[in-house]
Amino acid sequence: MRKVRLGIAQKCLLLVFVVLAILGGLYTREMYNGKKKAFFADKDKEALFALAIIRERVHSIKRDMNNIVLDLTKVFHVYNPTHSDITELLKTFLMPALISGGGYIEEPGNNSYHKYFYMLNNGSLVVKDIKDRIPDYETHPWFNIPKTTGKPFIETPTVDKVSDFKSYMITFSYPYFNDKSEFKGVFVFDVETKWLTYDLNKLIRDDKLDVSMFFPNEKDNGKIEFIKNTHIKSLSDNKFLTTLIKDIHKAEGKPINITDTMSDNKVIGYAFSMFNNSVYAMTTFDENIINTELQNLLYRNLIVGIGALIVFYLFLFWAIKHSIKPVEIIAGKVRNIAKGDFDTDISIKSGPVEVVALAEAIRKMQIRIKHYIEEIRKTTELNTEMKIAADIQKSVIPRPGIKIDSYSDIDFFQFLKPAKDASGDFYDYYMLDDENLFLSIGDVTGKGVPASLFTVLMLSMEKLYPEIPISMSDTLFMVNNKIVPMNKLNIFISYFCMVINLKTGVARYASAGHDPAYIRKKDGTIVQLKKSIGTFLGIFEDMKFSEEHYQFEDGDAIFIYTDGVTEAMNSKQELFGKDRTVSVLKEVGSEVTAKDIISSVYKEINAFADGFPQSDDICMVCLKFRN
Amino acid sequence: MLDIVLEDKNGVKLVSLVGELNVKTSSDFEKHFDELDGSKIILNADKLDYISSAGLRSLVILIKKLYISKGEAVMCSLSGVVKEVIEVSGFENLFKIFDNLEDAEKYFAQ
């Protein structure tokens, strides 16, 4: 079964979200408390604002009525209009909104004018005769009081039951005196209280606002009439309202804060008096409702917040899981590689860019490692092969210091220093018979095992020379023809061989493209052996070689070498060269041995290279001829 | 370093070797061998400063290839160490060597 593991990324993510949720919760709570305060302050302002609107409407109504009365009074004074003119005038004036209707009523008598106009909902005017409705109107306070006091009168709202709702109508009456200051009648206006407040909710966009009006109904023993219901029962309580009215009177026209007068403090709002204490208005908010609303808002925010967090978390979880999946696949494949399966295909087709890049990087590393392992394997193999080849070679090349049988006192020395284990350079020497010494040196081009195998091949062939009593040139011709057919690897050999009669000093030699040897004469002069015809062994069959001769004189030292000497290099990429070689040979002196000559040259090479690694095999052979 | 400049001159491939033909650069030289196979070739050594035994081996490989494909290479403008090495190696037995490019061109023009 697959173990469900949470990676470090998921753990971190979970932790981050828990912390985020806690911080979010704390923050929301803090916000809520702050918001609540601001919210309540806002509601307080809204209530006050609503009240201000009502007050403004009341003022506007009063102003309108005053203006109408003043205007009509002037017109009446000037024109003394007929009854029909009065009707036209009143039609024109009684337009202001909020005033439901109005009229002019004269004292009862013949030909008296008592018309009342009121506005229908459709905007048209209806004209009624007061006398028809109230025959004894002159006894009503709205007529009687202005008449006797000469001052405008406001009547406490009358409660009329119109169809199925109550209508609260305030009546305003203004006395009219003619230009002789005789009382003639009253101007009356009716204001339906509900028009003062009906649209306030819409105006301040809050249906939680309660707008109520109330007044003591004198026709009902002073019982407080409450207009419009409110959510809060205690507000419509008669006792509370009676106290409130007293408080309003004390405030002398200023709105009073209801929270101050409520003992349990569940209401925000304001109250004030209108139309000379004939009716009162209050605008209130129920604190409980506001609280509930705020809480709902809080819960909604919390739920939305938590929901968003969860969705966000799930998304991130999914995203991480999605991006980690290819990593897990890679991890599995890398384990396979670790087990040694280097052919595992690590590449990933799809996935996040970084992961694809990771896979690509691992794939490159895999190729590299595979390549390196292959290299190491090859090198190890090669090194082992090289060692074996070197061992074989060492067993075939004559070891330094071996005495030549019958000439134990011969001054002869040889030196071979391969650049690596196995050498491409070789030398050989042995006595052909009692008097003739065979000497050879060669350089197989190419390196490593194949080259060293060729040196062994050459050394083996040389051993057959005593059986073939032919010239040097023929010997090389034959050797070359033997090598060419087996030379698929294009290995070529520069080769020099010489036979010296140790008694007479007569020498014959041949060269296959090898550097001609130097002879150091007793007097210190250096001569180079005459160049013979012939090029590398192993190129073409039937190549021509020439045999050359040299007569050794007493004290002649022959110095044979491979290009490892002349091409020894220093760190400046300079070559040791022939000139340096020649000068070493010149300077060694006449009394030195063959060994000293070779040592001097090698010492000089080392001093020249100055630690720069040897890149080519170095081989030197030296024979000092004594008569 | 070795720069190899190849030019085609009237059906003769002129190969100018600039720098050193040694164990490091001989493989660069050998890369051109397939292209040179079967052709008449002038190896211009005018600006060749040095040739090592690995370089000589490359030359021999080229000569062997041309021998089979009936092409021919000549060398010209040898000097200094290069001249010495080529002479010592007995390469005059393998291909013709001219003192200058004109002589080499003349040889192929015949």
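Residues numbered from 1 in each chain as written. Chains lettered and ligands numbered in written order. Predicted model: local features only at pLDDT ≥ 70, side-chain atom pairs only at ≥ 80, totals over all residues. Heavy atoms only, no water.

Asker: Looking at this structure, how should I read the overall build of chain B?
Answerer: What chain B contains, in helices and strands, is five helices and six strands. What you see in chain B, going N to C, is helices and strands ordered as β-β-α-α-β-β-α-β-α-β-α. Considering only residue pairs separated by 6 or more positions, chain B has 69% of its internal contacts joining residues 24 or more positions apart. Put simply, chain B shows about 5300 Å² of open surface, and 47% of that area lies on carbon and sulfur atoms. (Helix = DSSP H or I, 4+ residues; strand = E, 2+ residues; numbered from the N terminus. Contact = heavy atoms within 4.5 Å. Areas by Shrake-Rupley, 256 points an atom, 1.4 Å probe, with all protein chains shown as cover.)

Asker: Would you explain unusual backbone geometry in this entry?
Answerer: Both trends apply: most residues other than glycine have a negative phi, and most peptide bonds are in trans. Residues and elements named next belong to chain A. Of note, the phi angle at serine 181 is positive, near 60 degrees, even though the residue is not glycine. Although it is not a glycine, asparagine 277 adopts a positive phi angle of roughly 65 degrees. Note that asparagine 277 resides in the loop between strand E10 (267–274) and strand E11 (279–286).

Asker: Got a minute to help me understand the interface of chain B and chain A in this structure?
Answerer: The accessible area lost on association of the parts is a frequent measure of interface size. Opposite the 20 residues of chain B that make contact, chain A presents 24 residues. Buried surface at the junction of chain B and chain A, summed over both partners, amounts to about 1800 Å²; 60% is from carbon and sulfur atoms. Where chain B touches chain A, the interface holds two salt bridges. Summed over the shared surface of chain B and chain A, the number is eight residue pairs in polar contact (both at pLDDT 80 or more). (Buried area = accessible area lost by both parts, 1.4 Å probe. Salt bridge = Lys/Arg side-chain N within 4 Å of Asp/Glu carboxyl O. Polar contact = N/O pair within 3.5 Å; in protein donor to acceptor, adjacent residues only side chain to side chain.)

Asker: Sorry if this is basic, but what is going on with the pairing of strand E16 (residues 506–512) of chain A here?
Answerer: Residue and element names in this part refer to chain A. When you tally the buried positions in E16, you get five out of seven residues, the bulk of the element. Two strands pair when backbone bridges link them, and strand E15 (residues 493–501) and E16 are joined in this way by five bridges, in the antiparallel orientation. Paired with isoleucine 500 across the two strands is alanine 507, which belongs to E16. Following E15, the chain reverses through four residues before pairing antiparallel with E16; glycine 505 in that reversal takes a positive phi of roughly 80 degrees. Direction of pairing for E16 relative to strand E19 (residues 548–551): antiparallel, over a ladder of four bridges. Paired with arginine 508 across the bridge in E19 is histidine 549. (Buried < 20%, exposed > 50% of the residue type's maximum accessible area, 1.4 Å probe, protein only. Pairing = 2+ DSSP bridges.)

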